[in-house]
Amino acid sequence: MKKSLIIAAATFVLSACGGNSDLMMVVGTYTDTESEGLYSYVFDEEAGEARLLDSCRVENPSYLTLSDDGRRIYAVSEMHDNEAAVVALTLDPTDGSFGIINSQKTCGADPCYVSTNGKVVVSANYGGSMSVFPTKADGGVGEMTGFYKGGLGGPDSIRQGEPHIHCTEFAPDGKSLYVTDFSADRLLVFAVTDTCVGQLKMCVDMPADNGPRHIISDRSGKHAYVIGELSGMITVFDVDGMDMSIRQIVDADPGDSRSSADIHLSPDGHYLYASVRQPTDCIAIYSVDATTGELTEVGIQKTGLHPRNFNITPNGKYLLCACRDSDRIDVYRIDAETGLLTDTGRPIKLPHPVCVKWVQ
């Protein structure tokens, strides 16, 4: 994409926006086609429409996270070799422009998830490891200070034949880090201090052949939800300090595709959504019991091809789903009464999108 076109788009957007309904968002993509890498947009969360602001060349930024103030981005560079890295960038809140600060090698292939608590940056490397980096005063990433290798034990000799770690997510209280150990069918819980990720505190066994991929928690921290990529099951946990017990397991993969992907709660916590990639290509929708955290199936929404990551607007009105193989982000309106989705018919078109994040 030519820089002149990007600047023109940014000028148009900034002159037309400025209302309270405007959100900035950042999209990560795969760069195996014509994609630049990272893109910034303005999204009107009332009208459900987006306009391009800027782009930045980063190789395969398939997942990203932002600092609390929205001025720093930490993106993986999902490479298969020793070029795999975490990249730190600045984001200008006035025009969506990017600036690269620095990068650090993950020493683990195919980093596919990254999170930060402001003090450390942690990447999950599908090649079988977790890498920990301190943040620097300028927002960059320092030299790696922690490295953990995943395990084995799952029954799928092909998909779980080598170690894979898929997600690193801080618990709501900030005192723990949840890590999905995909090939060992278990959830790892690490201690977190102000400046580091410490010792492994707990291993939680998942059902066999689960392939845990992503985990989320409700705001209270009393319930956690894990999506199994292989089983397609959502496992609901009761969380009480260091005690995690399984409350419920539901099947979120109607096609038995063994390719479940992402999971999110609506901002009000009333609904849970989970994506399933090819060949099923859908989002499963559940209502959430406010007391027990248990799930009740509401419906299924078909999507574009390979719905990877998705995100919900802070006002809860729209769900944006990155459909990698359709080269678009589908935009769905959320029914506040039922949680069901309606396609707006106004997709955001760009090459191989895989991750959508809001700047708040």
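It should be emphasised that the depicted structure is a prediction, and the values quoted were computed from it without experimental measurement. (Residues numbered from 1 in each chain as written. Predicted model: local features only at pLDDT ≥ 70, side-chain atom pairs only at ≥ 80, totals over all residues. Heavy atoms only, no water.)

(A) Geometry of the nonpolar core. Of all hydrophobic cores here, the largest spans 55 residues; its most connected members are L38, I73, L89, M130, L177 and M244. The residues contacting M244, other than those within four sequence positions of it, are Y178, L187, V189, M202, V204, A224, F237, D238 and V239. Membership of the second largest hydrophobic core comes to 17 residues, among which are L23, Y41, L350 and W358. (Core = buried A, V, L, I, M, F, W, Y, C linked by side-chain atoms within 4.5 Å. Buried < 20%, exposed > 50% of the residue type's maximum accessible area, 1.4 Å probe, protein only. Contact = heavy atoms within 4.5 Å.)

(B) Summary view of the sheet that holds strand β2 (residues 37-44). Taken in spatial order, the 4 strands make up an open sheet running β3-β2-β1-β29, and their pairing is antiparallel. Unpaired on one side and paired on the other, β3 (49-57) and β29 (353-359) mark the two borders of the sheet. For this sheet, the mean angle separating the axes of adjacent strands, direction not counted, is 25°. Bridge count for strand β1 (residues 22-29) against β2 is 7 bridges, and the pairing is antiparallel. Of the residues in β2, the one forming a bridge with M24 is V42. (Pairing = 2+ DSSP bridges. Helix = DSSP H or I, 4+ residues; strand = E, 2+ residues; numbered from the N terminus. Axes fitted to C-alpha atoms, helices over the stretch in contact; angles between N-to-C directions.)

(C) Structural view of the state of the cysteines. Taken as a whole and assessed by the stated rule, the structure comprises 0 disulfides. The closest cysteine sulfur to the non-disulfide-bonded C167 is located on C112, 8.5 Å from its own sulfur. Here C321 is not cross-linked by a disulfide; its sulfur's nearest cysteine counterpart is in C323, at 4.0 Å. (Disulfide = S-S within 2.5 Å.)

(D) Looking closely at the sheet that holds strand β9 (residues 120-125). Ordered by their spatial adjacency, 4 strands build an open sheet running β8-β9-β10-β11, and the pairing between neighbours is antiparallel. One side of each edge strand has no neighbouring strand; the edge strands of this open sheet are β8 (111-116) and β11 (146-149). Going from strand to strand, the sheet's axes swing by 15° on average, the running direction of each strand aside. In this sheet, β11 lies alongside strand β10 (residues 129-134) in antiparallel orientation, the contact comprising 4 bridges. Looking at the pairing, S131 lines up with F147 of β11.

(E) The packing of aromatic side chains, seen in detail. One pass over the full model with this rule turns up 5 aromatic pairs. Ring centres 5.6 Å apart and planes at 50° place the aromatic pair F43 and W358 in the tilted group. You can see F43 sitting in strand β2 and its partner W358 sitting in strand β29, a full 315 residues away along the chain. Across the pair, W358 and F43 agree in class, each one buried. Aromatic side chains Y63 and Y113 sit 4.2 Å apart centroid to centroid with 20° between the ring planes, which places their arrangement in the stacked category. (Phe/Tyr/Trp six-rings, centres within 6.5 Å; stacked < 30°, edge-to-face > 60°.)

(F) Representation of the pairing of strand β19 (residues 243-251). As defined by bridge partners, strand β18 (residues 233-240) adjoins β19 across 8 bridges and the pair is classed as antiparallel. Among the inter-strand pairings, F237 is bridged to a residue of β19, identified as I246. Taking the residues that link successive antiparallel strands as the turn, the β18-β19 hairpin has 2 residues, and the phi of G241 there is positive, at about 65°.

(G) Layout of the pairing of strand β24 (residues 307-312). Across the 6 residues that make up β24, a large majority, 6, are buried. Where β24 lies against strand β25 (residues 318-323), 4 bridges are found, and the strand directions are antiparallel. Bridging across to β25, P307 finds its partner in C323. Connecting β24 to the next strand, β25, in antiparallel fashion are 5 residues, including G316 with a positive phi near 75°.

(H) A look at the pattern of salt bridges. For the coordinates displayed, the defined rule picks out 14 salt bridges. Close ionic contact of E59 with R57 constitutes a salt bridge, the shortest N to O distance being 3.0 Å. Using a relative accessible area of 35% as the deciding quantity, one classes E59 as partly exposed. Residues joined in a network through salt bridges with shared partners are R159, R213, E229 and R277. (Salt bridge = Lys/Arg side-chain N within 4 Å of Asp/Glu carboxyl O.)

(I) Up close: the side chain of D281. With respect to the helices and strands, D281 occurs in the loop between β21 (271-276) and β22 (282-288). Separated by 2.8 Å, the side chain of D281 and the backbone nitrogen of H306 make a polar contact. (Polar contact = N/O pair within 3.5 Å; in protein donor to acceptor, adjacent residues only side chain to side chain.)

(J) Looking closely at the environment of D32. You can see D32 is positioned in the loop between β1 and β2. Taking the C-alpha atoms as reference, D32 lies 23 Å from I165; in sequence the two are 133 residues apart. Setting aside residues no more than four positions away along its own chain, D32 makes contact with N60 and H352. For D32, the side chain forms a polar contact with the side chain of H352, separated by 2.9 Å.

(K) Molecular detail of the environment of N117. If you trace the backbone, N117 turns up in the loop between β8 and β9. What makes N117 partly exposed here is its relative accessible area of 30%. Sequence spacing of N117 and L66 is 51 residues, and the spatial spacing of their C-alpha atoms is 9.7 Å. The residues touching N117, leaving out its near neighbours within four places in the chain, are F170, V192 and T193. There is a polar contact of 2.9 Å between the side chain of N117 and the backbone nitrogen of K119. At a separation of 2.9 Å, a polar atom in the side chain of N117 contacts the main-chain amide nitrogen of V120.

Interpretation note: all reported values are geometric properties and have no functional meaning in isolation.
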